[in-house]
Amino acid sequence: MGASRSQHARCGACVLLGAAVLAHEPLHAQPPASRSVGASQQAPQVYVDCPGGHCDLDYIQTQVAFVHYVRDPAQAEVYVLVTTQPTGAGGVAYTLTFQGRRRFAGLLDTLRFALPPQSAADTERRKLAQMLRLGLTRYAARTPIADQLRLVHESPSDATNPAPPRDRWKNWVFSLSANGFFSGEQSQRYANYYGALSARHITPDWKFTLTVAYNHGWSLFKLGGRDLRTTNWSQSVNALLVRSLGSHGSAGAFAGLARSTFNNLAWSVDFKPAFEYNLFPYAEATRRQFRILYRVGPSWSRYREETIFGKTAEGLWAQHLTLALEFREPWGSASASVEGLNYFHDWGKRRLTFWGSVNLRLLKGLGLDLSGRLSWIQDQLSLPRRGATEEEVLLRQRQLATHYHYWINLGLTYTFGAIYTAVVNPRFGSTSGRGVQIILQ
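Residues numbered from 1 in each chain as written. Predicted model: local features only at pLDDT ≥ 70, side-chain atom pairs only at ≥ 80, totals over all residues. Heavy atoms only, no water.

Draft legend 1. Broad picture of the overall build of the protein chain. A count of helices and strands for the protein chain gives six helices and 20 strands. Considering the protein chain as a whole, with its 441 residues, one finds that 35% of them fall into the buried category. Partitioning the intrachain contacts of the protein chain with sequence separation of at least 6 by distance along the chain shows that 60% fall at a separation of at least 24. In the structure as shown, the protein chain presents an accessible area of about 25400 Å², 59% of it carried by carbon and sulfur atoms. (Helix = DSSP H or I, 4+ residues; strand = E, 2+ residues; numbered from the N terminus. Buried < 20%, exposed > 50% of the residue type's maximum accessible area, 1.4 Å probe, protein only. Contact = heavy atoms within 4.5 Å. Areas by Shrake-Rupley, 256 points an atom, 1.4 Å probe, with all protein chains shown as cover.)

Below is the structure:
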């Protein structure tokens, strides 16, 4: 522990230059012959792990060129994990976790920054490259290439860095969306329309979201000289209010209104107060979470048609318990959740759902992707008594009776060849510089 602290202290100046811009000869297009070959060979070997596709790795490799990039994390001397979370304003908050290995063992760091909503892709990748420069400087400073590095401090001024304007919206953010999808051929046509309005107000202590959505679809099939027309629609209003209770707890409520032809709902209203406890601090949510969420409350429903239980309307109480686990580590990432639901009027009316996703680095160059969902279903209270026609079954226009539902996805990736990935050649499209891959899915 003492050695780790001393390492942090000795290189603190590299990180405290928050406004510094690293100037290295590749950025000034100096020829390769001007480099010290021996020093360059001892540059840190870096692996950048960026789940979710938020990183332009080709851009990073060309703009942050004072390190060696490797394609396998097992070969890395510096492992960089980039994670993201949405901000209350609709932007993206980035967390960069740097983990030193081998000759940099014990040298750890974390950098964060946030981008406003609708930021240009170029702005996003430039900011990410800048933060990578700052974070990797402390590692490069311990190698012979330190003599090739230059730090330039840009002094802030009121003209170039004005104070942020007063927020007249008071942290409220609104969003409108509408889209349509159309397809067709000689024997069939399909169209779908979707529109939504959302509002959110997010502060460190409070979180409020409201979403209003409408979906309408129709299709036409020509079968055996006859026209088969179908239509379905749904409308929903969902609201969430949450109050922070320290670094581990939260309390709030869910509320919703729904209408749906697929689910035989003329309308349905529910309200469920809830409490959540996270075993890890919420500040670490981009790296790890273990959340326990409990909600309980009433719902009232009116059905479009009489149900298999002889109901046209009813009010019921139900409870939900959700356990959700998520990790993102150098060995890969894993997410899992278990959700249970039951109704108080009949404990036999219940549902249990398991969901999981794992991305593992099993061996050098070998990765495993596994995800799946399994639901045990005993709570289909809105099924219509008349059943479903053949057309409704084939075209999935009605919810069908079932005791289970599942899906599974499995993939293996094996990569071999050169461990360095710094070469970028965009001709005839990008190959991402990842070498040869064998993918079995």
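Having seen it, we continue.
Draft legend 2. The arrangement of the environment of Ser299 in detail. Here Ser299 lies in strand β14 (residues 288-303). Residue Ser299 is classed as buried on the basis of its relative accessible area of 12%. Sequence-wise, Ser299 and Ser268 are 31 residues apart; in three dimensions their C-alpha atoms are separated by 7.1 Å. Setting aside its immediate chain neighbours within four residues, Ser299 contacts Val269, Asp270, Lys272, Glu314, Gly315 and Leu316.

Draft legend 3. Spotlight on the sheet that holds strand β2 (residues 45-49). With respect to topology, five strands assemble into an open sheet ordered β3-β2-β4-β5-β6, the strand pairing being mixed. The strands lining the two open edges of the sheet, one partner per strand, are β3 (68-69) and β6 (108-115). Sitting on the sheet, helix α5 (residues 121-140) touches β2, β4 (78-86), β5 (92-100) and β6, and the angle it makes with β6 is about 165 degrees. (Pairing = 2+ DSSP bridges. Axes fitted to C-alpha atoms, helices over the stretch in contact; angles between N-to-C directions.)

Draft legend 4. Focus on unusual backbone geometry. A positive phi angle, close to 50 degrees, is found at Arg102, a residue other than glycine. Looking at the element boundaries, Arg102 is found in the loop between β5 and β6. Looking at Arg102, the relative accessible area reads 48%, which means it is partly exposed. Unlike most non-glycine residues, Asn264 shows phi in positive territory, near 60 degrees. Residue position: Asn264 is located in the loop between β12 (249-260) and β13 (265-278).

Draft legend 5. Main features of the nonpolar core. With 32 residues, the main nonpolar core has Val82, Leu96, Phe98, Leu128 and Leu136 as its most contacted residues. Elements with a contribution of two residues or more to this core: β2, α4 (57-63), β4, β5, β6 and α5. Sort the elements by how many residues they give to this core and α5 lands first, with eight residues. Excluding anything up to four places from it in sequence, Val82 contacts Val48, Asp49, Cys50, Pro51, Cys55, Tyr94, Thr95, Leu96 and Leu128. (Core = buried A, V, L, I, M, F, W, Y, C linked by side-chain atoms within 4.5 Å.)

Draft legend 6. The confidence of the model for the protein chain, seen in detail. For the protein chain, per-residue confidence averages 80 on the pLDDT scale, and residues scoring 70 or more make up 78% of the total. Contacts of residues 430-437 to residues separated by more than four positions or lying in other chains number 14 contacts, the stretch itself having pLDDT below 50. (pLDDT = per-residue confidence, 0-100.)

Draft legend 7. The arrangement of the pairing of β5 in detail. Judged from the nine bridges that link them, β4 and β5 form a sheet pairing that is antiparallel. Paired with Val80 across the two strands is Phe98, which belongs to β5. Two elements, β5 and β6, share eight bridges in a ladder whose sense is antiparallel. Along β6, the bridge assignment pairs Ala93 with Ala114.

Draft legend 8. Just the environment of Asp369, in detail. If you trace the backbone, Asp369 turns up in strand β18 (residues 366-377). It is 5.8 Å that separates the C-alpha atoms of Asp369 and Val358, two residues lying 11 residues apart in sequence. What Asp369 contacts, discounting residues up to four positions off in sequence, is Val358, Asn359, Asn409, Leu410, Gly411 and Thr413.

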